[in-house]
Amino acid sequence: MSKRKAAGRVDSINLPRRLREGLEEAEGLLSKNEPQSALARLQELDEKFPRQLNVLGLMANAYTDLGDQHGYLHTMYGLHSLAPNRADTKLGLAGAYLVNGHLALALQTFRQFIKHWPRDEQSATAQKTISMLEHNLAEMLEPLDLSLETGLDFACKHEELQVLMEQEDFERCERLAKDLIKQRPNFVPLLNNLSQVEWLRGNLTGAIETSREVLGIEADNVHALSNLTRFLFMQGKTEESSPFAKRLKESEAEAADRERVAALRQAPGLDARQEG
């Protein structure tokens, strides 16, 4: 992703003095190409002054400078929840989804950007990315007997589940997973994610049961074999986990479609930075 400029000077009106001074310090560090130090200062501010647009905007820029796409996504997710009607925020979130491999959410968000800002200077580049995503997602959904338009909502919700898992928002994860399972009860990637949710919530028994359910549908699924091996080992059932570890080593089943996702991450460069 290309860069336009560092965030502008923060608006000091109505900001607490400590917040204003911290933002100015972080801006100075970013302008001196010290993003790691800037990020550390901004994380301190985020703890003391949560849900601040200025703080999250500068954090997004720091993560961009560091090349930390994972941190960038979760910062943009929070920033977008506060300012969904800003063009730079919408575009930044779309790009964050893209580089983190959430292709359906990227397409949905790029479309929203084009719909609301069709004359933006980056709209032509965004449209090229939309065309790439539409073509590749259509191919990825075809084996599921879904077209792009009939399957996009399901794909977006499945990716949203993954984002929520990373944020440890397990209540929303569970609600979303149950809704998706009603639509496609034997969708293996969803069940694999659900087993991870159960594990992260501390329900190891439920995680094991769900992993076994996956293997009942797809006996050589590498994700389920990996999960079940780990879960059983964590329960102290070393002997029981060994056959699954052996099956995992011998499995020739494909994991995620890494090559396609990697290619799409190289889509035409978009401005990743947030305005001050």
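Residues numbered from 1 in each chain as written. Predicted model: local features only at pLDDT ≥ 70, side-chain atom pairs only at ≥ 80, totals over all residues. Heavy atoms only, no water.

Visitor: Sorry if this is basic, but what is going on with the pattern of salt bridges here?
Guide: When the charged atoms of two side chains lie near each other, side chains of opposite charge can form a pair. Taken as a whole and assessed by the stated rule, the structure comprises 14 salt bridges. We note a salt bridge from Arg 172 to Asp 169, for which the minimum N-O separation is 3.5 Å. On the accessibility criterion, Arg 172 (35% relative accessible area) is partly exposed. Measuring nitrogen to oxygen at the nearest pair gives 3.6 Å for the salt bridge that ties Lys 178 to Glu 174. Taken together, the positions of Lys 178 and Glu 174, both in helix α9 (residues 170–183) and four residues apart, correspond to about one turn of that helix. (Salt bridge = Lys/Arg side-chain N within 4 Å of Asp/Glu carboxyl O. Buried < 20%, exposed > 50% of the residue type's maximum accessible area, 1.4 Å probe, protein only. Helix = DSSP H or I, 4+ residues; strand = E, 2+ residues; numbered from the N terminus.)

Visitor: Is there a simple way to think about the nonpolar core in this case?
Guide: As a rule of thumb, soluble globular proteins bury nonpolar side chains together. If you look at the biggest cluster of nonpolar residues, it comprises 61 residues, and the most contacted ones within it are Leu 23, Leu 42, Tyr 97, Phe 110, Leu 133 and Leu 161. If one sorts the elements of this core by residue count, helix α8 (residues 148–166) sits on top with nine residues. Residue contacts for Leu 161: discarding those within four places in its chain leaves Cys 173, Leu 176, Ala 177, Leu 190, Asn 193 and Val 197. (Core = buried A, V, L, I, M, F, W, Y, C linked by side-chain atoms within 4.5 Å. Contact = heavy atoms within 4.5 Å.)

Visitor: What should I look at first to understand helix α3 (residues 53–66) in this one?
Guide: For the α-helix, the turn length of 3.6 residues means that residues three or four positions removed from each other point alike. Between its first and last C-alpha, α3 extends 20 Å over 14 residues, near the 20 Å set by a 1.5 Å rise per residue. Of all 14 residues in α3, 10 are buried, a share of seventy percent or more. Those residues of α3 not exposed but buried are Val 55, Leu 56, Gly 57, Leu 58, Met 59, Ala 60, Asn 61, Ala 62, Tyr 63 and Thr 64. (Expected span 1.5 Å × (residues − 1).)

The analysis is restricted to geometry; functional conclusions fall outside its scope.
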